[in-house]
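As a plain string of letters, each chain reads:
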Amino acid sequence: MNFDFLKECKLESPELQGMYDTISAELEKAEWKYWRNPQECGVILRGVAEKICRVYNLYYEIGCPKMYSLEEFLCYTDDEAHNALVSRFLSTVRKEQRDRLNKLRMLGDDCIWGENAPVRGMNFDDRMAQNAKKMMETVMEVLKEMCEKINKRDDVYDE
């Protein structure tokens with residue numbers, strides 16, 4: 001996959017730009033791992049999804065703690081204060097984007113669990129390869145949406 005369009009996005013905020021640069025570097029690692037170790041690729045992409053949530057948090061000034069995990073951004077708990085932040089976060093992204101981020105979380109969890117995860121009717125190598133493929137495709141869509149919203153780019157859907 002070609003994620004170069006993300007490198008072309010420039011932000012005035014040095015902190016946000018640093019986050020974009022980190023995401024770009026992680027994507028390069030994930031692409032390298034894609035054929036060599038799909039499980040590691042999936043784990044990296046799950047981390048990318050978490051970093052994307054942090055970009056939204058900072059850009060939209062949602063107020064979630066900086067080191068929130070992917071689950072903390074996307075999942076409600078028994079804590080009302082936390083749930084208020086989750087609601088604020090989820091209201092900043094469209095339903096499709098929320099669904100994509102959740103998909104990355106679930107597939108990434110499967111990669112993290114590895115051999116200990118439910119088999120789902122396929123062998124481990126096939127399952128990890130399928131996860132990595134789905135996650136690469138989903139990350140591409142998440143990044144396009146992010147660049148459209150944050151960078152006001154309307155050309156990313158040509159990628």
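Residues numbered from 1 in each chain as written. Predicted model: local features only at pLDDT ≥ 70, side-chain atom pairs only at ≥ 80, totals over all residues. Heavy atoms only, no water.

Participant: Would you mind showing me how to read the pattern of salt bridges here?
Facilitator: If charged atoms from side chains of opposite charge come close, those side chains can pair. Counted by the stated rule, this structure contains 15 salt bridges. Arg-94 is the partner of Glu-96 in a salt bridge, and the nearest nitrogen-oxygen pair spans 3.7 Å. Taking relative accessible area as the criterion, Glu-96 reaches 40% and is therefore assigned partly exposed. One salt bridge in this structure joins Lys-95 and Asp-99, with 2.8 Å as the shortest N-O distance. You can see Lys-95 and its partner Asp-99 sitting in helix α6 (residues 95-113), four residues apart, about one turn around the helix. With a relative accessible area of 39%, Asp-99 lands in the partly exposed category. Three or more residues joined by partner-sharing salt bridges are found here, namely Arg-94, Glu-96, Arg-100 and Glu-145. (Salt bridge = Lys/Arg side-chain N within 4 Å of Asp/Glu carboxyl O. Buried < 20%, exposed > 50% of the residue type's maximum accessible area, 1.4 Å probe, protein only. Helix = DSSP H or I, 4+ residues; strand = E, 2+ residues; numbered from the N terminus.)

Participant: Mind showing me how you'd approach unusual backbone geometry here?
Facilitator: As a rule of thumb, non-glycine residues mostly have phi less than zero, and peptide bonds are mostly trans rather than cis. Positive phi, close to 50°, is recorded for Glu-61, a residue that is not glycine. Here Glu-61 lies in the loop between α3 (38-59) and α4 (70-74). With phi around 55°, Lys-152 is a residue other than glycine that occupies positive phi space. By secondary structure assignment, the location of Lys-152 is in the segment after α7 (124-151).

Participant: Could you clarify how one ought to interpret helix α5 (residues 80-92) in this entry?
Facilitator: Every α-helix winds through 3.6 residues per turn, so residues three or four apart in the chain are directed the same way. For α5, with 13 residues, the first-to-last C-alpha span of 19 Å sits near the 18 Å given by 1.5 Å per residue. Within α5, burial applies to His-82, Asn-83, Leu-85, Val-86, Phe-89 and Leu-90. Burial along α5 is one-sided: seen end-on, the buried residues are contained in an arc of 160°. Opposite the buried face of α5, by more than 90 degrees, sit the exposed residues Glu-80, Ala-81 and Ser-91. On its buried side, α5 packs onto α3, α4 and α6. Taking the backbone nitrogen of Ala-81 as reference, a side-chain oxygen 3.2 Å away marks Asp-79 as the first, capping residue of α5. (Expected span 1.5 Å × (residues − 1). Arc of directions from axis to C-beta. Contact = heavy atoms within 4.5 Å. Polar contact = N/O pair within 3.5 Å; in protein donor to acceptor, adjacent residues only side chain to side chain.)

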